[in-house]
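# Chains, contacts and geometry: an overview
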Amino acid sequence: MSAAGRKRVKLIGMLVGVLVVLVIAGVAAIKVANSSRTPEAQVRQYLDLLAAGNASAATAMVDPGLPNDQRGFLSDEVMASSSARFEVEDVIADDAEHSKERVVTATMRLDGERFTRSFRVSEAKKTFGLLKNWKIQDAMVARVDVQADKVTHFSIGGEKMSVATLKEAPSSSIVLYPGVYTFTPEETGEYIDAAPKTMSVKAATGYDSSYYGGTVELTGTYNDKMAAAALDAAAALTNSCATVPGNIDSACPSAVQSRTLALLQVKTMPTAMKATTDEGGVYTGEATFTIQGMESWNKQRDVTSRVTAPVKTDKDGNLELDASGKPQFEVRFGY
């Protein structure tokens, strides 16, 4: 072989050697890359997003499969309002290493309580046909029922919802990522007081995205302004019942419902209206009238009667207000 031939063979050998090294290095690099692209790594990435309060990125990563009108509380702002978010303690995949469908179980802690959640993870299309990808099938969300009494609206982290809208929805519950949330009553008006409620929302141990995470009850109570409004209504009826022909109204005491009175006047007005229950809604007081018939034998006498003022509400239990925004009452004497 000539010197030129030997040089060519040597060069070819060197190129083959370099190619082999590159192939081995490439295979090793792909193996190393795939070693970190595992089902448990995918789940941990998802949980890390939620634990950091990055709801939008978590939703983009694992779609919760909900219509748009049920996604309002799956936001960064709502998660930012959570007083505590969960911490990831452990993430373990099943032992079916060669299966395209895996189950990954995560152990977490929220508000001092440990809970677990299992995720179904399936093999997805590889990147460049070489790098493994995995897709989480189940979002980690929970449904919470909201029950309200004398509360028409509520909010979490600035996201507000009408109780009526919630009742009319196909599913009368809201959907949240795990966290400790404060439900704040809104638009209660000046006659109702309602305190916020805090609730720890976890997630199902299985795969069910419609998991029932509990119920929060928002209760409003009528305040002193309502009692004062009831007193105004009772006073108005008392004055009406002490005049003619207002005294003929069936809401007045039976003793003053006469057209043959020589004297009809108020002796004492109702001075206070007391709620008959802790929740209010029905207020009672007393008024005294002085009356006298027209006959010579009729003597002047006092008539004390109980006045009752139930608050008017609509079919949903919401206050009925007049044009000036004041509550309405069904005021009557006698019961």
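Starting afresh in each chain, residues are numbered from 1 along the sequence in its written order. The predicted origin of the model limits local features to residues at a pLDDT of at least 70 and limits the giving and counting of side-chain atom pairs to 80 or more, whereas totals for whole chains, interfaces and linings rest on all residues. Hydrogens and waters are ignored; side-chain quantities use all the structure's heavy atoms.

### Here we look at the overall build of the protein
Counting from the N terminus, the helices are DSSP H or I runs at least four residues long and the strands are E runs at least two residues long. Of regular secondary structure, the protein possesses 6 helices and 17 strands. Classification of residues uses two cut-offs on accessible area relative to the type maximum, computed with a 1.4 Å probe and protein chains only: under 20% is buried, over 50% is exposed, and between them is partly exposed. Counting over 335 residues, the protein shows a buried share of 37%. Contact criterion: two residues are considered in contact whenever any of their non-hydrogen atoms come within 4.5 Å of each other. Relative to all contacts within the protein whose residues are 6 or more apart in sequence, the contacts with residues 24 or more apart total 58%. For the area figures, the Shrake-Rupley method with a 1.4 Å probe applies, and any residue is considered shielded solely by the protein chains shown. Surface exposure of the protein reaches about 18,500 Å², of which carbon and sulfur atoms provide 52%.

### Focus: the pattern of salt bridges
Each reported salt bridge corresponds to a side-chain nitrogen of Lys or Arg within 4 Å of a carboxyl oxygen of Asp or Glu. Summed over all chains, the structure comprises 12 salt bridges. The closest approach of N and O atoms between D149 and K150, which form a salt bridge, is 3.5 Å. A relative accessible area of 15% means that K150 is categorised as buried.

### Overview of helix α2 (residues 39-51)
Structural remark: α-helix, 3.6 residues per turn; residues separated by three or four positions point the same way. A helix is expected to reach a length of 1.5 Å times the quantity of its residues less one. Taking 1.5 Å of rise per residue, 13 residues should cover 18 Å, and α2 covers 18 Å from first to last C-alpha, within 8% of that figure. Those residues of α2 not exposed but buried are P39, V43, Y46, L47 and L50. One face of α2 carries all of its buried residues, which in axial projection span an arc of 95 degrees. One or two steps after α2, the chain reaches G53, where phi turns positive at roughly 80 degrees. Summarising the geometry, the arc corresponds to the directions from the helix axis toward the C-beta atoms.

### Looking at the side chain of T284
On the secondary structure map, T284 appears in strand β15 (residues 282-293). Dropping the residues within four chain positions of it, T284 is found in contact with A272, M273, K274, T276, R306, V307 and T308.

### Considering the state of the cysteines
Here, two cysteine sulfur atoms that lie within 2.5 Å of each other are counted as a disulfide. In total, this model carries 1 disulfide according to the counting rule given. Shown here is the disulfide that connects C241 with C252, its sulfur atoms set 2.0 Å apart. Where C241 bonds to C252 through sulfur, the torsion about that S-S bond is close to -90 degrees, and the disulfide is left-handed. One end of the pair, C241, is in helix α6 (residues 224-241); the other, C252, is in the loop between α6 and β13 (261-268), and 11 residues separate them in sequence. Owing to a relative accessible area of 2%, C252 belongs among the buried residues under this scheme.

### Thoughts on α6
Under the 1.5 Å per step criterion, the end-to-end length of α6 is 26 Å for 18 residues, consistent within 8% with the ideal 26 Å. Listed as buried for α6 are M226, A227, A229, A230, A233, A234, A235, L237, T238 and C241. Among the structural elements, β12 (212-222), β13, β15, β16 (301-310) and β17 (332-333) are those in contact with the buried residues of α6. Pairing of N or O atoms within 3.5 Å defines a polar contact, subject to two protein rules: one partner must be a possible hydrogen donor and the other a possible acceptor, and residues neighboring in sequence count only if both atoms are side-chain atoms. For α6, the side-chain oxygen to backbone nitrogen distance between the N-cap and K225 is 3.1 Å, and the N-cap itself is N223.

### Some remarks on the pairing of strand β8 (residues 173-176)
Burial of β8 is two-sided: the residues S173 and V175 facing one way and the residues I174 and L176 facing the other way are all buried. Should DSSP find at least two bridges between two strands, the strands are regarded as paired. Here strand β5 (residues 142-149) pairs with β8 via 4 bridges, running antiparallel. Of the residues in β8, the one forming a bridge with V144 is I174.

### Regarding the sheet that holds β5
If you walk across this open sheet you meet the 4 strands as β8-β5-β12-β10, and the pairing is mixed. A single partner strand is all that each edge strand has here, and the edge strands are β8 and β10 (192-194). This sheet shows a mean twist of 30 degrees between the axes of neighbouring strands, independent of strand direction. Note on geometry: axes are lines fitted to C-alpha atoms, helical ones only across the stretch in contact, with angles between N-to-C directions running from 0 to 180 degrees.

### Things to note about the packing of aromatic side chains
Stacked, edge-to-face and tilted are the three classes for Phe, Tyr and Trp ring pairs, Trp counted by its six-membered ring, which pair at centre distances within 6.5 Å; planes under 30 degrees apart are stacked, over 60 edge-to-face, the rest tilted. Scanning all chains against the criterion turns up 4 aromatic pairs. Seen from their ring centres, Y46 and F119 are 6.2 Å apart, and the 85 degrees between their planes marks the pair as edge-to-face. Of this pair, Y46 sits in helix α2 while F119 sits in strand β3 (residues 113-127), and the two are 73 residues apart along the sequence. Y46 gets classed as buried once you look at its relative accessible area, which sits at 0%. Classification of F119 by relative accessible area gives buried; the value is 0%. Plain terms: the ring middles of F73 and F154 are 6.1 Å apart, the flat faces sit at 5 degrees to each other, and that makes the pair stacked. A residue pair is termed long-range when its members are at least 10 positions apart, and F73 in the loop between α3 (55-61) and α4 (76-80) and F154 in strand β6 (residues 153-156) qualify at 81 residues. Given a relative accessible area of 4%, F73 falls into the buried group.

### Quick word on the confidence of the model for the protein
For every residue, the pLDDT score states the predictor's confidence, bounded by 0 at the bottom and 100 at the top. Considering every residue of the protein, the mean pLDDT works out to 87; 84% of them sit at 70 or more. Contacts for the low-pLDDT stretch residues 20-36, under 50 throughout, to residues beyond four places or in other chains number 7 contacts.

### Details of the sheet that holds strand β9 (residues 179-186)
The antiparallel open sheet is built from 4 strands, whose spatial order is β7-β6-β9-β11. A single partner strand is all that each edge strand has here, and the edge strands are β7 (159-162) and β11 (197-201). Geometrically, the sheet is characterised by an average inter-axis angle of 30 degrees between neighbouring strands, direction not taken into account. Sheet analysis places β6 next to β9, joined by 3 bridges and oriented antiparallel. What sits directly across from F154, in β9, is P185.

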